[in-house]
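Structure assessment
So you can see what is in the structure, the chains are spelled out below.
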Amino acid sequence: IKNEKKNEYLFWKKVRDLNLDGYVLTSSYLCKKTLIHSKQPLLFCFESIDYIPYFKKLATPTKIITQKILEMPYSNLRYKNVGGISEYDLKKIYENKNFNNWKKIKDEFGLNSVIVPKDWNLDINNLILNDKYKVYVIE
């Protein structure tokens, strides 16, 4: 456990040391860790979008940003009614994007990096890899 915590600390220290300028996109599972440990602003967290009934003014902006990033309607997601976008769906969507798709998101939203679990393979240059996570930087 001690080694795992040390490796986790070293990974996030490397991320902070990159001094990235812009937003980070991540998986649902890594939203909180990324926000807490990277000290970088998240572009959007797909973990929970079930706030919409409580903040109706956010419904349209949420729909716009998710559709531009995901490039698919909610009805096409495999897992529905889970409060957000599932890891399975996000992995499939992220891995199906080519570099030009990521560049378009970067240009439109100021996205600079994507932090995902190690087994996700994106069409972007991988900058940091450890036994659990990968950091991709869009240049």
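Data block above holds the structure.
Now for a description of the structure that goes with this document. Note that the structure is a prediction, hence the values are computed from the model and not measured.

Moving on, we get to the pairing of strand β3 (residues 111-117). Taking burial as the measure, the 7 residues of β3 include 7 buried ones, the bulk of the element. Bridge analysis of strand β1 (residues 23-26) against β3 gives 4 bridges, and the strand direction is parallel. If you follow Val 24 over to β3, its bridge partner there is Ser 113. Two elements, β3 and strand β5 (residues 133-137), share 5 bridges in a ladder whose sense is antiparallel. Its bridge partner lying in β5, Val 116 is registered against Lys 134.

Looking now at the packing of aromatic side chains. Under the definition given, this model contains 6 aromatic pairs. Centroid distance Phe 11 to Tyr 133: 5.1 Å. Interplanar angle 50 degrees. Geometry classified as tilted. Here the residue Phe 11 occupies a position in helix α1 (residues 2-17), and Tyr 133 occupies one in strand β5, the gap between them amounting to 122 residues. Neither residue differs from the other here; Phe 11 and Tyr 133 are each classed as buried. Relative to Tyr 133, the ring of Trp 12 lies with its centre 5.8 Å away and its plane at 45 degrees, an arrangement referred to as tilted. Taken together, the positions of Trp 12 in helix α1 and Tyr 133 in strand β5 put the pair 121 residues apart, joining distant regions of the chain. Trp 12 gets classed as buried once you look at its relative accessible area, which sits at 1%.

Bringing the environment of Ile 105 into the picture now. For Ile 105, the location among the structural elements is in helix α5 (residues 99-109). We classify Ile 105 as buried; its relative accessible area is 3%. Spatially, the C-alpha atom of Ile 105 lies 6.7 Å from that of Ile 69, the residues being 36 residues apart in sequence. Ignoring any residue separated from it by four or fewer positions in sequence, one finds Ile 105 in contact with Leu 43, Lys 68, Ile 69, Lys 97, Gly 110 and Leu 111.

Rules used in this analysis
- Residues numbered from 1 in each chain as written.
- Predicted model: local features only at pLDDT ≥ 70, side-chain atom pairs only at ≥ 80, totals over all residues.
- Heavy atoms only, no water.
- Buried < 20%, exposed > 50% of the residue type's maximum accessible area, 1.4 Å probe, protein only.
- Helix = DSSP H or I, 4+ residues; strand = E, 2+ residues; numbered from the N terminus.
- Pairing = 2+ DSSP bridges.
- Phe/Tyr/Trp six-rings, centres within 6.5 Å; stacked < 30°, edge-to-face > 60°.
- Contact = heavy atoms within 4.5 Å.

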